[in-house]
Amino acid sequence: METTEIKKAVELYKKEHGYQKMELRASMFDMDGVLFDSMKNHAYSWHKTMAHFGLDLPEWEAYMHEGRTGAGTVNIVSKRQRGKEATKEEIEEIYRYKSDLFNTLPQAERMPGAYELLCKVKDSGVIPLVVTGSGQKTLLERLNKNFPDIFRSDLMVTAYDVTFGKPNPEPYLIGMEKFYTFSNRECENKAKITPNHFIVVENAPLGVQAGVAAGVFTIAVNTGPLPDSALLDQGANLLFHSMQDFCDNWEKVFEELK
Ligand code: CA
């Protein structure tokens, strides 16, 4: 990507939000489809699980709901097909079934370029956070195995932290809050944290929507089957076609955001 394109995107963001400068301090990474190449497995598990419970969710549609909480996805299908929301018990049962099925599938690979990018981010002095709608219990263990020495448990937002989930800005607002607590614990000077201290990295339309609604400079990485417009139309500030592409351009991006 050309430096001028990045410069233009940053200038536009600053103008729209009334910031004089960026001062990037933390980067909030979505997990599925960004850090792991796991969306195919999720789409398949959702489709099979819903069919097991007499509900219809085609695999392609699962990509459209990517980023929602399990409860959010179940309720969209339940309301459409049965005219009512699922009960708390039903949601738990369906989500448990989906997670169990997902866990029987071959583990998704690390997204090519993701670890290299995270190392560059950390070396630049930017703190990486994970912000995901996923609620798997083995999540932290798996992140640490695949991305050694990158993430901290107190700088993660998962399904257990949120009420609404993406596309609501809540997960990213909680991420900023966690970083605020973390940086105030680490630093002598109580820092004032504002959205221009962050970037969001997302692969899904609803995720981009959440990052933009949180007021954060949102970088889309189009790793799936959707057209670029699906992400740009939600307000993504920049778009890369893979994590490797973003990784190769990190220095240029950081130069404009630091
Ligand atoms: Ca995702």
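Time to look at the pattern of salt bridges. Evaluated as defined, the whole model comprises 12 salt bridges. The shortest N-O distance in the salt bridge between Lys88 and Glu92 comes to 3.4 Å. Of this pair, Lys88 and Glu92 both sit in helix α5 (residues 88–104), 4 residues apart, roughly one helical turn. Lys178 is the partner of Asp161 in a salt bridge, and the nearest nitrogen-oxygen pair spans 3.1 Å. Remark: Lys178 occurs in helix α8 (residues 170–186) and Asp161 occurs in the loop between β3 (156–157) and α8; sequence separation between them is 17 residues. The exposure class assigned to Lys178 is partly exposed, which follows from its relative accessible area of 21%.

Here the protein chain is described as being made up of domain 1 (3–38 + 109–257) and domain 2 (39–104). For domain 1 versus domain 2, the distance between C-alpha centres works out to 26 Å. Counting from both sides, the interface comprises 18 residues of domain 1 and, opposite them, 14 residues of domain 2. Across the domain 1/domain 2 interface, buried area totals approximately 1300 Å², and carbon plus sulfur atoms make up 53% of it. Three residues, Ser38, Gln136 and Leu206, lead the burial of domain 1 against domain 2; their summed loss comes to 36% of the area buried on that side.

Here we take up the coordination of the calcium ion. Looking at the metal site, the calcium ion is ligated by Asp30 (OD), Asp32 (O), Glu66 (OE) and Asn203 (OD1), spaced 2.1 to 2.3 Å from it. Every donor residue of the calcium ion comes from the same chain, spaced as D-x1-D-x33-E-x136-N. Separated by 34 residues along the polypeptide, Asp32 in the loop between β1 (26–29) and α2 (39–52) and Glu66 in the loop between α3 (59–64) and α4 (70–82) bring together distant segments of the chain.

With that settled, consider the packing of helix α1 (residues 3–17) against helix α12 (residues 250–257). Contact geometry of α1 with α12 gives a least axis separation of 10 Å together with a crossing angle of 35 degrees. At the point where α1 passes α12, the crossing takes the right-handed sense. Seen from α1, the contacting residues are Thr3, Ile6, Lys7 and Val10; seen from α12, they are Lys252, Val253, Glu256 and Leu257. Among the residues forming the contact of α1 with α12, the class breakdown is 4 nonpolar, 1 polar and 3 charged.

Reading the values: rules and limits
- Residues numbered from 1 in each chain as written.
- Predicted model: local features only at pLDDT ≥ 70, side-chain atom pairs only at ≥ 80, totals over all residues.
- Heavy atoms only, no water.
- Salt bridge = Lys/Arg side-chain N within 4 Å of Asp/Glu carboxyl O.
- Helix = DSSP H or I, 4+ residues; strand = E, 2+ residues; numbered from the N terminus.
- Buried < 20%, exposed > 50% of the residue type's maximum accessible area, 1.4 Å probe, protein only.
- Domains from an automatic or database assignment.
- Contact = heavy atoms within 4.5 Å.
- Buried area = accessible area lost by both parts, 1.4 Å probe.
- Donors = N, O, S within 2.8 Å, 3.2 Å for Na, K, Ca; no water.
- Axes fitted to C-alpha atoms, helices over the stretch in contact; angles between N-to-C directions.
- Left-handed = near helix turned anticlockwise from the far one by under 90°.
- Nonpolar A, V, L, I, M, F, W, Y, C, P; charged D, E, K, R; others polar.

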